[in-house]
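Coordinate analysis (summary)
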Amino acid sequence: MSWSVEDLSVAYGRTAALESVTVHIEPGVVHSVIGGDGAGKTTLLRVLVGLVLDHRGGVHLPSQDRIGYVPSRGGIFRDLTVDENMAFVAATHRLKSWRPRASDLLERSGIASFRNRLAGQLSGGQRRKLAGSMAVLAHPDLLVLDEVTTGLDPVSRMELWRLIATTAATGAAVVSATTYLDEADRAGQVELLYDGRQLASGSPGAVTAAMPGTIRDQAAPDDPSTAWRQGHRWHQWHPESADATDHQPTLEDAAIVLELLARKAGG
Amino acid sequence: MKAMIVKEFRQMRRDKRAMGLMIGLPVMLLVIFGYAARFDVGQIQTVVVGPNAVQVSQSLDSAYDVVEVDETGDRQAVERMLRNSEVEVGIVTGTGSSTMLVDGSELFVAQSALRRIPPATQPEVLFNPNLDTAPVMVPALIGLILLFIGTVVTSLGVVREREQGTLEQLAVMPLRPVDVIVGKIAPYFLVALFDMAVVTIAGLLLFNVPFVGSWLVFGLFGLVFLFVVLGLGVAISTVSKSQGEAVQLAIMTLLPQIMLSGMIFPLESMAAGVRWIGYLLPLTWFIKGARGEFLKGPDFSALALPLALLTLMAAVVFGVAMYRFRGDLAPKRGDAAQEAPFTPAASS
């Protein structure tokens, strides 16, 4: 069964947090929500988990007990041990014989040896992995993750992504907000938001292809307002058509260009 | 250094609660100590009975506020009035000398009365004959401990959830708001009940405080008072972003209750304006009920008003606190629905 939000708009006071956003959420697919600060990523996720009720547009989502959620901070109970955190989630979902699955999840997350440690005493990465394990314990139909990998070391990010990918492989739909475009590049579907608007939607390849103009890899920028660093070199965007010297654009290039154009159009 | 001082003043100006503590607290302390911190009671509510009641009542010191003169009344009637806190002193006149019955549960009132014994009158202190402090303080301390647990500890417990971002987590878990609210508050409620029992037993055993009233009525007062203080704690937590803010606010609610509830300074000695603040505080009414049950065992009707007021406070404070707490757990509202109400396509 697939889920969706259609023509979704949310306003906080006079500020529009989301404007006419449509997302089709397919089971077994990881959907990456990308965009800068204030783009509306968290608001979209909060609509998905039922924390924002007042909005325009259609919402077709699983019931709350079928949704797993890891907020951008927290998601764990620091004064409980790792095991007690898992037990609490199992109790709220009225799960029976959950212990083998909990053990398996903690094992795969690499925190099984800390089962009796207070969650507050875990490292940042371990806490995120515990929060992830708690969110998937009850086999959710929809897993919603708000920048779960932000600030984590590469190994922790990899372990967390393995957990997410496994969950998607078992049929759950995953919606993950992230600022890491390399992660988004691995997703099945990308939603690019800017200032509450949906700039692009589709597979990473499709979003990249939606970028107008071309990218040139240069030692120095021609126009600093439309160029950005890429290692020691510069990626310069040119609105004109492609030629042989053009660089194959990445999802990051496309996201930057689409946002630059949106900013320009918005004045 | 100048930059540091300017920065500190800017931060201080924006920390409204700290400013409240720095400016509001000295004003509050001045008012309390200026108008409330008096041990000498200037108005002693008095009944005079017996054949010479009229003559004796006319010859009394001006500190005695004679509320009733009854030539047909007897000692038994006076004792009942004292027990029910209708008066603080009762003078039973006879053909020769008179007997002045003094309510020993009102420590400072009794001391004031004993400093002004009318001529040819034999004083007799009831309920706390030696005018000991412990029997008067222990019931009040029970209230103070419940107040501390209810407001400080409960508010910290709830604010911790908000600080750690777990309140939002609870809101999206398959739990009803009522599950979260009751589950969150019930442990504090039970611990406070346990504390109440421990402090009461310790008071009885360690300080030999008598208990002459009804355990049922005392328990009822404790139960209703607990709802008020737990409500206060939850209400504080709903307007505090951090544990520091919650503690600041809890101190602001604790201090006036300690000073103006009659726990230390007698309400009767306070200036009228300050005394009325005392009447608005829940600890005032718990102390009236608890002291009554410990020392005097009044008729239930005599405690009906304190119990009714405490119940009203419990309903208002606990109700408002639960409403606000539920708001914390409920989904946030935007403005979009004003244009077109949300109608889910399916499910939840």
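For every chain, the first residue of its written sequence is number 1, and the numbers climb from 1 along that sequence. Just so you know, chain letters begin at A and ligand numbers begin at 1, following the order they were written in. Local features in this predicted model are restricted to residues whose pLDDT is 70 or higher, and side-chain atom pairs enter the listing and the counts only when it is 80 or higher, whereas totals over whole chains, interfaces and linings include all residues. To get the side-chain values, all heavy atoms of the structure are used, and hydrogens and water are removed first.

Turning next to the sheet that holds strand S3 (residues 89–92) of chain B. The strands that make up a sheet are held in pairs by hydrogen bonds between backbone atoms, and each pair lies either parallel or antiparallel. All names here are of chain B. Taken in spatial order, the five strands line up as S2-S1-S3-S4-S5 in an open sheet, and their pairing is mixed. Every interior strand has two partners, whereas the edge strands, strand S2 (64–70) and strand S5 (121–126), have only one. Each adjacent strand pair in this sheet contributes to an overall mean axis angle of 20°, direction not counted. Any two residues whose heavy atoms approach within 4.5 Å at even a single point are treated as in contact. Angular values range over 0 to 180 degrees, each being the angle between N-to-C directions of two axes fitted as lines to C-alpha atoms, with helices fitted over their stretch in contact. Runs of E in the DSSP output that reach at least two residues are strands. Runs of H or I that reach at least four are helices, and both are numbered from the N terminus. Against the sheet, helix H4 (residues 75–83) makes contact with strand S1 (44–49), S2, S3, strand S4 (98–103) and S5, and its axis sits at roughly 20° relative to S4, the strand it touches most. If DSSP finds at least two bridges between two strands, the strands pair.

Residue and element names in this part refer to chain B. Only protein chains enter the accessibility calculation, which uses a 1.4 Å probe; a residue whose area is less than 20% of its type maximum is buried, one above 50% is exposed, and one in between is partly exposed. The set of residues buried in H4 consists of Val78, Met81 and Leu82. For H4, the angular spread of buried residues about the axis comes to 100°, placing them on one side. For H4, the elements touching its buried residues are S1, S2, S3, S4, S5 and helix H12 (282–296). Looking one or two places after H4, you find Ser85, whose phi comes out positive at around 60°. This arc describes the spread of directions from the helix axis toward the C-beta atoms.

Residues and elements named next belong to chain A. Throughout this description, the term salt bridge denotes a Lys or Arg side-chain nitrogen within 4 Å of a carboxyl oxygen of Asp or Glu. All chains considered together, the criterion is met by 18 salt bridges over all chains. Measuring nitrogen to oxygen at the nearest pair gives 3.2 Å for the salt bridge that ties Asp83 to Arg115. A residue pair is termed long-range when its members are at least 10 positions apart, and Asp83 in helix H2 (residues 82–92) and Arg115 in the loop between helix H3 (99–109) and helix H4 (124–136) qualify at 32 residues. For Arg115, a relative accessible area of 23% translates into the label partly exposed. With a closest N to O distance of 2.8 Å, Arg233 and Asp217 form a salt bridge. One end of the pair, Arg233, is in strand S12 (residues 233–238); the other, Asp217, is in strand S10 (residues 214–218), with 16 residues separating them in the sequence. Taking relative accessible area as the criterion, Arg233 reaches 35% and is therefore assigned partly exposed. Classification of Asp217 as partly exposed rests on a relative accessible area of 32%. Here the salt bridges share partners, and the residues they tie into one network are Arg157, Asp182 and Glu183.

Take a positive patch on the surface next. Residue and element names in this part refer to chain B. Patch construction takes residues with relative accessible area above 30% that form no salt bridge. Like charges are linked within 9 Å, and nonpolar side chains (Val, Leu, Ile, Met, Phe, Trp, Tyr) are linked within 5 Å. All accessible-area figures derive from a Shrake-Rupley calculation using a 1.4 Å probe, and residue coverage is judged against the displayed protein chains alone. Charged-residue counts in this description rest on Lys and Arg as positive and Asp and Glu as negative, His and the chain ends being excluded. Lys charges are placed at NZ, Arg charges at CZ, Asp charges at CG and Glu charges at CD. Side chains of Arg10, Arg13, Arg14 and Lys16 sit close together on the surface and give a patch of like positive charge. A total of three residues in the positive patch trace back to one element, the largest contributor, which is helix H1 (residues 2–14). Mapped onto the elements of the fold, Lys16 is located in helix H2 (residues 16–36).

In this structure, Met86 and Leu130 of chain A together with Ile142 and Phe286 of chain B are the most contacted members of the largest nonpolar core, which totals 119 residues. Here this core gets 12 residues from one element, more than from any other, and that element is helix H6 (residues 134–163) of chain B. In this structure, Met86 of chain A is in contact with Trp98, Ala102, Leu105, Leu106, Leu130, Ser133, Met134 and Leu137 of chain A, ignoring residues within four places of it in sequence. In plain words, nonpolar cores are sets of buried Ala, Val, Leu, Ile, Met, Phe, Trp, Tyr and Cys residues tied together by side-chain atoms within 4.5 Å. Core analysis: the next-biggest nonpolar cluster, separate from the first, contains 30 residues, Leu45, Leu48, Ile67 and Ala173 of chain A among them.

Residue and element names in this part refer to chain A. Note that strand S8 (residues 189–194) and strand S9 (residues 197–202) share five bridges and pair antiparallel. Counterpart to Glu191 in the pairing with S9 is Ser201. In this structure, the hairpin formed by S8 and S9 is closed by a connection of two residues, where Asp195 is found at a positive phi of approximately 50°.

A few words on the environment of Ala206 of chain A. Residues and elements named next belong to chain A. Within the secondary structure, Ala206 sits in helix H7 (residues 204–209). Overall, Ala206 belongs to the partly exposed group, its relative accessible area being 40%. Taking the C-alpha atoms as reference, Ala206 lies 32 Å from Tyr12; in sequence the two are 194 residues apart.

Residue and element names in this part refer to chain B. Values of pLDDT, the confidence the predictor places in each residue, fall between 0 and 100. Looking at chain B as a whole, the pLDDT averages 85, with 95% of positions reaching at least 70. Per-residue pLDDT, averaged within each element of chain B, yields its smallest value for H2 (77) and its largest for H12 (94). Scored below 50 in pLDDT, residues 334–348 makes 31 contacts in the model with residues more than four places away or belonging to other chains.

Our next topic: the sheet that holds S10 of chain A. Residue and element names in this part refer to chain A. In space, the three strands of this open sheet follow the order S10-S12-S11, with antiparallel pairing throughout. Single-partner strands in this sheet number two, and they are S10 and strand S11 (227–230). Shown here is a sheet whose adjacent strand axes are inclined to one another by a mean of 30°, direction ignored. Against the sheet, helix H8 (residues 251–266) contacts S10, S11 and S12, and its axis sits at roughly 155° relative to S11.

What follows deals with the domain arrangement of chain A. All names here are of chain A. By the assigned domains, chain A splits into domain 1 (3–202) and domain 2 (210–266). The split into domains, and so the bounds of each, comes from an automatic or database assignment of domains. Relative placement of domain 1 and domain 2: their C-alpha centres are 31 Å apart. Buried surface at the junction of domain 1 and domain 2, summed over both partners, amounts to about 780 Å²; 78% is from carbon and sulfur atoms. Taken together, the connections running from domain 1 to domain 2 amount to zero salt bridges. Values labelled buried area give the accessible surface lost by two parts on being combined, using a 1.4 Å probe and summing over both.

Looking now at the packing of aromatic side chains. When two rings of Phe, Tyr or Trp (its six-membered ring) have centres within 6.5 Å they constitute a pair, described as stacked for plane angles under 30 degrees, edge-to-face for angles over 60, and tilted for the intermediate range. For the structure on display, the rule yields 12 aromatic pairs over all chains. Plain terms: the ring middles of Phe211 of chain B and Trp215 of chain B are 3.8 Å apart, the flat faces sit at 5° to each other, and that makes the pair stacked. Trp215 of chain B sits in the partly exposed class, given a relative accessible area of 47%. Grouped by ring-pair contacts, the aromatic residues Phe211, Trp215, Phe218, Phe225, Phe286 and Phe294 of chain B constitute a single cluster. The ring of Trp161 of chain A carries the charged tip of Arg186 of chain A above its face, separated from the ring centre by 5.6 Å. Lysine NZ or arginine CZ positioned within 6 Å of the ring centre and within 35 degrees of the ring normal marks a charge as sitting over the ring.

Okay, the side chain of Ser109 of chain A next. All names here are of chain A. Mapped onto the fold, Ser109 is located in helix H3. Judged by its relative accessible area of 1%, Ser109 falls in the buried class. In the analysis that follows, any N or O atom pair within 3.5 Å is treated as a polar contact, provided that within protein one partner can donate a hydrogen and the other can accept it, and provided that, for residues neighboring in sequence, both atoms belong to side chains. A polar atom in the side chain of Ser109 sits 2.8 Å from the backbone oxygen of Leu105. With near-sequence residues (within four places) excluded, Ser109 lies in contact with Lys129, Ser133, Glu159 and Leu163.

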